[in-house]
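# Survey of secondary and tertiary structure
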Amino acid sequence: MMKKALLLISTLLFVVVLSACGGGNEGGSGEKSIDTITLADAGWDSIRFHNSVAQTIIENGYGYDTEVKPGSTAATIQGLREGDVNVYMEVWTDNIKEVYEEATAAGDFEKVSTNFDDNTQGLYVPTYVIEGDEERGIDPLAPDLKTVEDLKKYPELFEDPEDPGRGRILNAPSGWAVAETIDQKFETYGLDETMNNFMPGSDAAIVTSLADAYNSGDAWVGYYWSPTAVTAMYDLTLLEEPEYDEDTWKETKGTEFPPNDVVVAVHKDFKEQAPEVYDFLSNYETSSALTEQALTYMSENDASADEAAKWWMQQNEDVWTEWVPEDVASKVKDALK
């Protein structure tokens with residue numbers, strides 16, 4: 001009887017030891033609670049670039065696999081809330097203010113750092129539309145154009161090729177949250193009296209439209225934002241709006257865009273799932289200028305986001321090595337060679 005009891009105790013101890021050795025859920029040594037970290041791709045180049053930087057560090061420095069989940073802003077934010085997305089490298093907080101505040105208040109996801117906060121967005125025209133371009137032999141096309149509301153005076157200048165007599169303003173793609181803001185501005189400023197609200201199919205469609213007009217010296221007006229390769233490459237002027245006022249913005253969107261913190265956010269469980277990666281992302285911080293370096297490289301060299309990330313990290317080693325411990329930085333630097 002005593003032998004059986006000792007044998008049972010020994011067996012139970014052996015099972016406990018095996019469980020302790022093989023069942024850990026910490027993200028460092030031992031088993032990981034997740035093997036693959038999923039990042040969101042909401043459809044623009046800067047988020048793809050930041051995804052690639054983060055993936056390079058996560059994979060080579062911390063040993064996780066990564067994947068990217070593409071989709072609209074609404075779909076990817078919902079994925080972050082539900083845990084289908086672990087990491088979101090560029091949440092434009094004021095573009096989705098209500099959803100962002102609701103989700104963070106509910107604890108569905110959390111902001112871990114501010115990626116950059118020195119950005120602008122709104123309706124742009126090529127500067128030569130207002131000032132001309134002597135070198136290119138372009139006279140000012142609309143020297144009195146200053147504000148977004150002024151646009152309704154110029155339907156002939158910004159003529160819609162599919163609707164002669166009315167102008168065309170390029171909105172953001174329909175899947176982007178900011179498109180609804182531009183819709184509301186259309187109504188507030190009375191732009192729909194003379195102008196059509198055109199929804200392009202993608203960011204690439206906006207860029208192609210702008211590039212064609214710019215190269216020809218033609219008038220063009222549409223939504224864009226900074227930091228981007230577009231705003232770095234082309235001489236553009238952001239049309240003026242009344243100074244930001246929170247109450248007016250909430251009611252009619254009839255002001256300039258509010259200051260917009262662009263943050264890194266993670267799903268609520270991520271800190272426990274991958275604590276060391278959580279710590280890295282908590283240190284992630286760039287700027288519009290640093291981001292535009294990579295985006296310009298992508299444009300001028302027809303490079304992918306991964307290629308731009310590698311180039312950028314080699315050029316800015318002093319920046320990203322501050323985000324991670326020395327041993328992690330060493331592994332990543334070896335992988336970049």
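Let us look at the structure shown here.

Rules used in this analysis
Residues numbered from 1 in each chain as written. Predicted model: local features only at pLDDT ≥ 70, side-chain atom pairs only at ≥ 80, totals over all residues. Heavy atoms only, no water. 1 Å grid on protein atoms, 1.4 Å probe; cavity = no way out; pocket = protein on both sides within 12 Å on 5 of 7 lines; lining within 4 Å. Points joined across faces, edges and corners; volume = space filled by probe spheres on them. Helix = DSSP H or I, 4+ residues; strand = E, 2+ residues; numbered from the N terminus. Nonpolar A, V, L, I, M, F, W, Y, C, P; charged D, E, K, R; others polar. Salt bridge = Lys/Arg side-chain N within 4 Å of Asp/Glu carboxyl O. Buried < 20%, exposed > 50% of the residue type's maximum accessible area, 1.4 Å probe, protein only. Polar contact = N/O pair within 3.5 Å; in protein donor to acceptor, adjacent residues only side chain to side chain. Contact = heavy atoms within 4.5 Å.

### Focus: empty space enclosed by the protein
Evaluation of the coordinates by the stated rule reveals 1 cavity of 30 Å³ or more. Taken as a whole, the largest cavity encloses approximately 160 Å³ of empty space. Looking at the largest cavity, it is lined by 14 residues, and the ones nearest its centre are Trp44, Thr73, Trp92, Asn95 and Trp176. Sorting the residues of the lining of the largest cavity by element identifies α3 (73-82), β3 (87-92) and β8 (222-226) as the ones contributing at least two each. At 4 residues, β3 tops the list of elements feeding residues into the lining of the largest cavity.

### What about the layout of surface pockets?
Approximately 680 Å³ is the volume attributed to the largest pocket. In this structure, the largest pocket is lined by 27 residues; those nearest its centre are Asn95, Ile96, Lys97, Glu98 and Glu180. Broken down by secondary-structure element, the contributors of at least two residues to the lining of the largest pocket are α3, α4 (97-106), α6 (178-188) and α9 (246-252). Here the residues of the lining of the largest pocket are counted per class, giving 9 nonpolar, 7 polar and 11 charged. Of the voids in this model, the second largest pocket is the one considered here, and its volume is about 300 Å³. Lining the second largest pocket are 21 residues, with Asp45, Asp203, Val207, Ala229 and Ser299 sitting closest to its centre. Elements that contribute at least two residues to the lining of the second largest pocket include exactly α2 (45-62), α7 (203-216), β8, α8 (229-233) and α12 (288-301).

### Quick word on the pattern of salt bridges
In this structure the tally under the stated criterion is 14 salt bridges. Salt-bridge contacts for Glu149 lead to Lys152; the nearest nitrogen and oxygen are separated by 3.5 Å. Note on Glu149: relative accessible area 38%, which makes it partly exposed. Lys152 gets classed as partly exposed once you look at its relative accessible area, which sits at 23%. The salt bridge involving Glu241 is made with Lys185; its shortest N-O contact spans 2.5 Å.

### Examining the side chain of His267
Position of His267 relative to the elements: it lies in strand β10 (residues 262-267). His267 sits in the buried class, given a relative accessible area of 5%. Separated by 3.5 Å, the side chain of His267 and the backbone oxygen of Arg81 make a polar contact. Those residues within four positions of His267 in sequence are excluded, and the remaining contacts are Leu80, Arg81, Glu82, Gly83, Val85, Asn86, Asp108 and Phe109.

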